[in-house]
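Fold and geometry: a report
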Amino acid sequence: MTETATLAGGCFWCIEAAFDRVRGVESTVSGYCGGHAADPSYREVCNGTTGHAEAVQVTYDPEVVDYRDLLEVFFAIHDPTTVDRQGPDIGSQYRSAVFYHDGDQRDIAEAYVAKLEADGTYEGIVTEIEPLETFYRAEEEHQDYFEKHPDKPYCRAQIPPKLEKLSAEHPEKLADAPDQ
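In what follows, the accompanying structure is described. These numbers come from a predicted model, not from an experiment. (Residues numbered from 1 in each chain as written. Predicted model: local features only at pLDDT ≥ 70, side-chain atom pairs only at ≥ 80, totals over all residues. Heavy atoms only, no water.)

**Examining the packing of helix α3 (residues 67-77) against helix α4 (residues 103-118)**
Working note: a packed helix pair is described by the angle between its axes plus the distance between those axes. Between α3 and α4, the least distance of the axes is 10 Å, while the angle of their chain directions is 45°. Relative to α4, the element α3 lies oblique. You can see that α3 and α4 cross each other, and the crossing is right-handed. Contacts from Tyr67, Arg68, Leu71, Glu72 and Phe75 of α3 reach α4 at Gln105, Ile108, Ala109, Tyr112, Val113, Lys115 and Leu116. For the contact of α3 with α4, a count of residues per class yields 8 nonpolar, 1 polar and 3 charged. (Axes fitted to C-alpha atoms, helices over the stretch in contact; angles between N-to-C directions. Helix = DSSP H or I, 4+ residues; strand = E, 2+ residues; numbered from the N terminus. Parallel < 35°, antiparallel > 145°, perpendicular 65-115°, else oblique. Left-handed = near helix turned anticlockwise from the far one by under 90°. Contact = heavy atoms within 4.5 Å. Nonpolar A, V, L, I, M, F, W, Y, C, P; charged D, E, K, R; others polar.)

Next up, the structure:
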């Protein structure tokens, strides 16, 4: 039995590449959510007129990795203190957001953000925590983008630092980590 998490933290290529390496993650899908237009295209979302965020749906085995573990990875690989921006990507489509699927996910996300603030990990977290209404799968060319295009300049510049941080801060969560 699997569960699903939906997370937005900048360009979906970056988020997807990181979660593809996490133990217990069975699949990732890049897409759009949190907006007002039905079935938007990448161009429409990038123009900033649909209200959607670039997001990734993560299907995972909760017997191997739990939702809180996914949040630990998520908050390690993006900056939750910048409004509508991650690195060079600017616009509401790059906002930090947790789109929860049920009340348990909402409660876990709210508690985790409160913990990060209380322990001083981050100050001024702007991550939105809102219910998932509809998730639209992005065009096929955006699925597994980093795996298909590791030598594209954007990929070379933006994604490896996130993967290195994930490896350094959470090596036990990686799919290729030794069994615990």
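**Observations regarding the sheet that holds strand β2 (residues 25-33)**
Read from one edge of the open sheet, 6 strands run β7-β6-β1-β3-β2-β8, paired in mixed fashion. Bordering the open sheet on either side are β7 (128-131) and β8 (135-137), each of which pairs with just one other strand. Across the sheet, the axes of successive neighbouring strands diverge by a mean angle of 35°, strand direction being ignored. In this sheet, strand β6 (residues 96-100) lies alongside strand β1 (residues 3-9) in antiparallel orientation, the contact comprising 4 bridges. In the strand pairing of β6, Ala8 is matched with Ala97. Strands β1, β2 and β3 (53-60) of the sheet are contacted by helix α1 (residues 12-19), whose axis makes an angle of about 170° with β2. (Pairing = 2+ DSSP bridges.)

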